[in-house]
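Spelled out from the first residue to the last, the chains are:
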Amino acid sequence: MDTLTPLVLLTALAMALAMRPWRLLANGGLLSPLLAALVITPWLWALPWLHRMPIQLQLSGACLIGLALGWPLAVPVLCGVAVIAGLIAPLTLQQQMDMALWLGIVPVTLSFGLGMALRRWVWKNLFVYILGRAFLGTAVCMFASGALAQWTGQSLTTTVEPELAMVARWLIAWGDAFMTGMLTAIFVAFRPQWLATWSDRLYVPPPTG
């Protein structure tokens, strides 16, 4: 068993728990996205093992979960998603850890870093948040995570040529991007309390005049 994967997982989980992410649940606003992440996302992760496919790729939802819950709470939730996926599909412990890392923690961490960069060096407005962070940012972060997983030889493998698998990762990253961008736009409009990373004060300028 690869010893690096559990080490990275435990490090990320310890860092997240050190921030006491459960405090974000105090007002109850994030309970709905938390439950949705734990109920829906495991089926997305387990799907390739329920229906055998030559390219075992699936939607992740990690970037959306990160936008909804924030990085500290998203990390333990994504670990929980991998455990539940292992109860749904015949996954080994190594596969569950690889899924938690490469479908969950790596993309959500990249998305968090990109979000901080956009807030620091780009305009803080609605379109940057939805188009830059939720849509284009998700595509970039998901493809980068998938490419890193393939280059490091992790067990989320395929039975086709590496070049074709990389094309498939690029396409599935856009699937994640459309899902994340669409749902983020809906949440901003109708359920902003479901997004821990959203703030009217930051992204909606006050009226002038």
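Parameters at a glance
Residues numbered from 1 in each chain as written. Predicted model: local features only at pLDDT ≥ 70, side-chain atom pairs only at ≥ 80, totals over all residues. Heavy atoms only, no water. Axes fitted to C-alpha atoms, helices over the stretch in contact; angles between N-to-C directions. Helix = DSSP H or I, 4+ residues; strand = E, 2+ residues; numbered from the N terminus. Parallel < 35°, antiparallel > 145°, perpendicular 65-115°, else oblique. Left-handed = near helix turned anticlockwise from the far one by under 90°. Contact = heavy atoms within 4.5 Å. Nonpolar A, V, L, I, M, F, W, Y, C, P; charged D, E, K, R; others polar. Core = buried A, V, L, I, M, F, W, Y, C linked by side-chain atoms within 4.5 Å. Buried < 20%, exposed > 50% of the residue type's maximum accessible area, 1.4 Å probe, protein only. Phe/Tyr/Trp six-rings, centres within 6.5 Å; stacked < 30°, edge-to-face > 60°. Expected span 1.5 Å × (residues − 1). Bend = angle between axes of the 7 residues up to and from the residue. Polar contact = N/O pair within 3.5 Å; in protein donor to acceptor, adjacent residues only side chain to side chain.

A.B. asks: Go over the packing of helix α4 (residues 71-88) against helix α5 (residues 93-121), please, and point to the residues and values.
C.D. replies: Where α4 contacts α5, the axes come no closer than 9 Å and their chain directions differ by 155°. By the angle between their directions, the pair α4 and α5 is classed as roughly antiparallel. Between α4 and α5 lies a crossing whose hand is right-handed. Only Gln96, Met99, Ala100, Gly104, Ile105, Val108, Thr109 and Phe112 of α5 make contact with α4, whose side of the interface consists of Trp71, Ala74, Val75, Leu78, Cys79, Ala82, Val83, Ala85 and Gly86. For the contact of α4 with α5, the residue count by class is 13 nonpolar, four polar and no charged.

A.B. asks: Lay out the nonpolar core with the relevant residues and their values.
C.D. replies: Within the largest apolar cluster, 45 residues are counted, with the highest numbers of intra-cluster contacts made by Trp45, Leu69, Val77, Tyr129 and Leu195. For this core, the elements supplying multiple residues, two or more each, are α1 (4-18), α2 (31-50), α3 (62-69), α4, α5, α6 (126-151) and α7 (162-190). Per element, the largest residue contribution to this core is ten residues, and it comes from α4. For Leu69, the residues in contact, after removing those within four places along its chain, are Leu24, Leu30, Pro33, Leu34, Ala74, Val77 and Ala196.

A.B. asks: How would you sum up the packing of aromatic side chains? Please name residues and give values.
C.D. replies: Centre distance and the angle of the planes are the two values used to describe a pair of aromatic rings. On inspection of all chains with the given rule, the structure shows nine aromatic pairs. Considering the side-chain rings of Tyr129 and Tyr203, the 4.9 Å spacing of their centres and the 55° angle between planes classify their relative orientation as tilted. Within this pair, whereas Tyr129 is found in helix α6, its partner Tyr203 is found in helix α8 (residues 200-203), the two being separated by 74 residues in sequence. Tyr203 carries the same exposure label as Tyr129, and that label is buried. Aromatic pair Phe143 and Trp170: ring centres 5.2 Å apart, planes at 85°, arrangement edge-to-face. Placement of the pair is Phe143 in helix α6 and Trp170 in helix α7, with a sequence separation of 27 residues.

A.B. asks: Any details on α6? Residues and values, ideally.
C.D. replies: Structurally, the α-helix is built with 3.6 residues per turn, so residues lying three or four positions apart point the same way. Along its 26 residues, α6 runs 35 Å from first to last C-alpha, staying within 8% of the 38 Å computed at 1.5 Å per residue. A maximum bend of about 45° is found in α6 at Gly137. The distance from a side-chain oxygen at the start of α6 to the backbone nitrogen of Phe127 is 3.0 Å, and the residue carrying that oxygen is Asn125. One or two positions beyond α6, positive phi appears at Gly153, with a value near 70°.

A.B. asks: Would you mind going over the environment of Arg191 in detail, with residue names and values included?
C.D. replies: Positionally, Arg191 belongs in the loop between α7 and α8. Residue classification places Arg191 among the partly exposed positions, given a relative accessible area of 39%. Distance in space between the C-alpha atoms of Arg191 and Gln58 is 26 Å, their sequence separation being 133 residues.

These results come straight from atomic positions and should not be treated as a statement about function.
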